[in-house]
Amino acid sequence: MKAIVCEKYGTPDVLQFKEVAKPTPKDNEILIRVYAAVVTPSDCSFRKADPFMIRLFYGLTKPKNPKTGVEFAGEIEAVGKDVKLFKKADQVYGLSPNTFGAHAEYMCLPEDKAVTLKPVNSTYDDAAAVSDGAPTALIFLRDKAKIQSGQKILINGASGAVGAYTVQLAKYYGAEVTGVCSSANSEMVKSLGADHVIDYTQADFTKGGQTYDIIFDAVGKSSFSRCKNSLKQKGVYLTTVPTLRTMLQMLWTSKIGSKKVIFTTAGLLQNKGNLVFLKELFEAGKIKSVIDRRYPLEQTAEAHRYVEKGHKRGNVVINYMPFSN
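Participant: Just checking my understanding: could you explain the environment of Thr11 for this structure?
Facilitator: For Thr11, the location among the structural elements is in the loop between strand 1 (2–6) and strand 2 (15–19). A relative accessible area of 45% places Thr11 in the partly exposed class. Once the C-alpha coordinates of Thr11 and Ile214 are considered, the two residues, 203 residues apart in sequence, prove to be 36 Å apart.

In structure tokens form, the structure reads like this:
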């Protein structure tokens, strides 16, 4: 099969499009014919080992696992003899944060991992897009911030993958949503449900005099220190970027003060239940996919280059099956 392989850290040029062995499912695994995947900022971070701590877990001098890609959608081609939850030809979507492998024509996953039937009204591209951003937003909002109806939330980076789904989920939970993005993306963010939009090129949201129950920095371009005065008492500052300063502030605020800093490795906390929940929201029209660009598998390096510019709107999809959309 064809796959994208990363055998050393570096620029997008280290990514190789090559022929590799097609995997065979173990007794508890499903074999998935991948039809769509995504490229995320996390994919770029793993590829270049930035931040450095990535090397401590995935290989000091080079990646221990050359497979790439986490989020996917596709069709089950075969199942192991012990598989009970799926059957051949099931259309599925999910994540593989521990073993990667989504940037390939086929991948195997244990049936109990974060994989479930895709929304019946979605394309493969839609489903892959939802699996990037929406599960992270769900964990931060529902599980960590305990979002409640009537609360005020500000989302910094509201037009990115995590931000776009955070806007939609926050509205689903009944919050008053303020999105921060560029003027070029303001109409898109409003269309996702934002009540207010701030153009970061024209105004500093920390100096507007408004206070929020939740401030979610979905792009890692702010800080708790800068946002603290914009938080209500018992307000929560969420961030997707694990800097050392953030980790120390998280520890400190867990013990002192009413305003909290929260970071979590949302990708490693994903489960089948979260995907089923998001599937139901998609089918009910409560959330929708946000796709910026599509690339064929062989142009995954180009997708990395585009994502690294830091201006994508929603998701960048790797499409293996262009005739399906």
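Participant: Which parts of the structure should I look at to understand the side chain of Lys152?
Facilitator: Here Lys152 is to be found in strand 8 (residues 152–156). We note that Lys152 is buried and unpaired, the nearest opposite charge coming from Glu176 at a distance of 4.7 Å. Reaching out from Lys152, the side chain makes a polar contact with the side chain of Gln210 at a distance of 3.0 Å. Discounting chain neighbours no more than four positions away, the residues touching Lys152 are Glu176, Gln210, Thr211, Tyr212, Asp213, Ile214 and Lys232.

Participant: What am I meant to see in the nonpolar core here?
Facilitator: Nonpolar side chains in soluble globular proteins tend to end up buried together. Ranked by size, the top nonpolar core spans 54 residues in total, and within it Val130, Ile153, Val167, Leu169, Leu238 and Leu278 carry the most contacts. Core analysis: the next-biggest nonpolar cluster, separate from the first, contains 28 residues, Ile30, Ile76, Tyr295 and Ile318 among them.

Participant: For this particular structure, what's the right way to read the packing of helix 4 (residues 134–144) against helix 5 (residues 161–172)?
Facilitator: Two numbers describe a pair of packed helices, the interaxial angle and the distance between the axes. One way to put it is that helix 4 packs onto helix 5 with a least axis distance of 8 Å and a crossing angle of 55°. Accordingly, the angle class assigned to the pair helix 4 and helix 5 is oblique. Between helix 4 and helix 5 lies a crossing of right-handed hand. Between helix 4 and helix 5, the contacting residues are Ala134, Thr136, Ala137, Leu138 and Leu141 on the first element and Val162, Tyr165, Thr166, Leu169 and Ala170 on the second. When the residues that make up the contact of helix 4 with helix 5 are grouped by side-chain class, the tally is eight nonpolar, two polar and no charged.

Participant: Hey, could you run me through the pattern of salt bridges in this one?
Facilitator: When the charged atoms of two side chains with opposite charge come close together, those side chains can pair. What the rule picks out here adds up to 17 salt bridges. Note that Glu308 is salt-bridged to Arg47, the shortest N-O span being 2.7 Å. Here Glu308 is found in helix 10 (residues 300–308), whereas its partner Arg47 is found in helix 1 (residues 41–48), with 261 residues between them in sequence. Of the charged contacts, one joins Asp204 and Arg226 as a salt bridge, the two residues approaching to 2.9 Å between their closest N and O atoms. Remark: Arg226 occurs in helix 7 (residues 224–227) and Asp204 occurs in the loop between strand 10 (196–199) and strand 11 (212–217); sequence separation between them is 22 residues. Asp204 gets classed as partly exposed once you look at its relative accessible area, which sits at 27%. Linked by salt bridges that have partners in common, Asp13, Glu302 and Arg305 make up one network.

Participant: Explain helix 3 (residues 124–131) here, please?
Facilitator: Each α-helix turn comprises 3.6 residues. Residues three or four places apart therefore point the same way. Within helix 3, eight of the eight residues are buried, which leaves the element mostly enclosed by the surrounding structure. Listed in full, the buried residues belonging to helix 3 are Tyr124, Asp125, Asp126, Ala127, Ala128, Ala129, Val130 and Ser131. Near the N-terminus of helix 3, the side chain that reaches the backbone nitrogen of Asp125, with its oxygen 3.4 Å away, is that of Thr123. Gly133 sits one or two residues past helix 3 and shows a positive phi near 105°.

Participant: Whenever I open this one, the layout of surface pockets confuses me. Can you help?
Facilitator: The gaps of empty space that remain are located by a probe, the size of a water molecule, rolled over the atoms. When its volume is computed, the second largest pocket comes out at roughly 290 Å³. Met1, Pro23, Lys67, Gly101 and Tyr106 are, among the 19 residues lining the second largest pocket, the residues nearest its centre. Listed by contribution, the elements that provide at least two residues to the lining of the second largest pocket are strand 1 and strand 6 (106–110). For the lining of the second largest pocket, the residue count by class is 13 nonpolar, four polar and two charged.

Participant: Would you take a moment to explain the packing of aromatic side chains for this structure?
Facilitator: Within a pair of aromatic rings, the relevant descriptors are the distance that separates the centres and the angle that separates the planes. Overall, the coordinates contain eight aromatic pairs when judged by the stated rule. Ring plane angle 65° and centroid distance 4.9 Å describe the contact between Tyr35 and Tyr124, whose orientation is recorded as edge-to-face. With Tyr35 in strand 3 (residues 29–39) and Tyr124 in helix 3, this residue pair connects regions lying 89 residues apart in the sequence. In this structure Tyr35 comes out as buried when scored by relative accessible area, which is 14%. When the ring of Tyr172 is compared with that of Phe277, the centres are 6.0 Å apart and the planes differ by 70°; the resulting orientation is edge-to-face. A residue pair is termed long-range when its members are at least 10 positions apart, and Tyr172 in helix 5 and Phe277 in helix 9 (residues 272–283) qualify at 105 residues. Using a relative accessible area of 37% as the deciding quantity, one classes Tyr172 as partly exposed.

About the thresholds
- Residues numbered from 1 in each chain as written.
- Predicted model: local features only at pLDDT ≥ 70, side-chain atom pairs only at ≥ 80, totals over all residues.
- Heavy atoms only, no water.
- Helix = DSSP H or I, 4+ residues; strand = E, 2+ residues; numbered from the N terminus.
- Buried < 20%, exposed > 50% of the residue type's maximum accessible area, 1.4 Å probe, protein only.
- Lys, Arg positive; Asp, Glu negative; His and termini not counted.
- Salt bridge = Lys/Arg side-chain N within 4 Å of Asp/Glu carboxyl O.
- Polar contact = N/O pair within 3.5 Å; in protein donor to acceptor, adjacent residues only side chain to side chain.
- Contact = heavy atoms within 4.5 Å.
- Core = buried A, V, L, I, M, F, W, Y, C linked by side-chain atoms within 4.5 Å.
- Axes fitted to C-alpha atoms, helices over the stretch in contact; angles between N-to-C directions.
- Parallel < 35°, antiparallel > 145°, perpendicular 65-115°, else oblique.
- Left-handed = near helix turned anticlockwise from the far one by under 90°.
- Nonpolar A, V, L, I, M, F, W, Y, C, P; charged D, E, K, R; others polar.
- 1 Å grid on protein atoms, 1.4 Å probe; cavity = no way out; pocket = protein on both sides within 12 Å on 5 of 7 lines; lining within 4 Å.
- Points joined across faces, edges and corners; volume = space filled by probe spheres on them.
- Phe/Tyr/Trp six-rings, centres within 6.5 Å; stacked < 30°, edge-to-face > 60°.

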